[in-house]
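An overview of the molecular structure
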Amino acid sequence: QVQLVESGGGLVQAGGSLRLSCAASGRTFSRYGLGWFRQAPGQEREFVAGISWSGGNTVYADSVKGRFTISRDNAKNMVYLQMNSLKPEDTAVYYCGAGERQVSLRYGYTSWGQGTQVTVSS
């Protein structure tokens, strides 16, 4: 079991930037993939970005390509989401997830954090 805790959310104006962090604990010796999802009011949770254990493979939702960057630091058991050029439609609760033996970084996450709120004003 892996425990995940997100941080770094907040209020930012459109065009601004935020950096989200997620700290992992528990079975951190496993070569797990990490990802970010988000859920806006009245919407289903959607995939945002994913990264392999080595960091060599990343995948992004079309809506954030070119604006968001996912990275990880295995020595610190951390995963990050750098969000630039933020838009009001990016407003959501952001969650990090962890998964093992994933075929795709877009799904297969079995552990989740509690979420952190990101609000982008126009």
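**Some points on the sheet that holds strand 3 (residues 18-26)**
Strand order in the open sheet formed by four strands is 1-3-8-7, and the pairing between neighbours is antiparallel. Taken across any chain shown, the strands that pair with only one partner, and hence form the sheet edges, are strand 1 (2-7) and strand 7 (68-73). Averaged over all pairs of adjacent strands, the angle between their axes in this sheet comes to 20 degrees, without regard to strand direction. As defined by bridge partners, strand 7 adjoins strand 8 (residues 78-83) across six bridges and the pair is classed as antiparallel. Note that in strand 8 the partner of Ser-71 across the bridge is Tyr-80.

**So, the pairing of strand 4 (residues 33-39)**
Looking along a regular strand, one sees the side chains alternate between the two faces of the sheet. A large share of strand 4 lies buried, amounting to six of its seven residues. Here strand 4 pairs with strand 9 (residues 92-99) via seven bridges, running antiparallel. Bridge pairing links Leu-34 to Ala-98 in strand 9. Taken together, the five bridges between strand 4 and strand 5 (residues 46-51) define a ladder with antiparallel strand orientation. Following the sheet pairing, Arg-38 is matched in strand 5 by Glu-46.

**Some details on the nonpolar core**
Counting residues in each nonpolar core, the largest one holds 28 residues, and the members touching the most others are Trp-36, Val-48, Phe-68, Ile-70, Leu-81, Met-83 and Tyr-94. The set of elements that each furnish at least two residues to this core consists of strand 1, strand 3, strand 4, strand 5, strand 7, strand 8, strand 9 and strand 11 (116-121). Formed by five residues, the second largest nonpolar core is a distinct cluster that contains Phe-37, Phe-47, Val-59 and Tyr-109.

**Brief notes about unusual backbone geometry**
With a phi close to 55 degrees, Asn-77 is a non-glycine residue in the positive phi region. Along the chain, Asn-77 turns up in the loop between strand 7 and strand 8. Taking relative accessible area as the criterion, Asn-77 reaches 23% and is therefore assigned partly exposed. A positive phi angle, near 50 degrees, is found at Ser-85, a position not held by glycine. As for its placement among the helices and strands, Ser-85 is situated in the loop between strand 8 and strand 9. Residue Ser-85 is classed as partly exposed on the basis of its relative accessible area, which comes to 40%.

Rules and cut-offs
Residues numbered from 1 in each chain as written. Predicted model: local features only at pLDDT ≥ 70, side-chain atom pairs only at ≥ 80, totals over all residues. Heavy atoms only, no water. Pairing = 2+ DSSP bridges. Helix = DSSP H or I, 4+ residues; strand = E, 2+ residues; numbered from the N terminus. Axes fitted to C-alpha atoms, helices over the stretch in contact; angles between N-to-C directions. Buried < 20%, exposed > 50% of the residue type's maximum accessible area, 1.4 Å probe, protein only. Core = buried A, V, L, I, M, F, W, Y, C linked by side-chain atoms within 4.5 Å.

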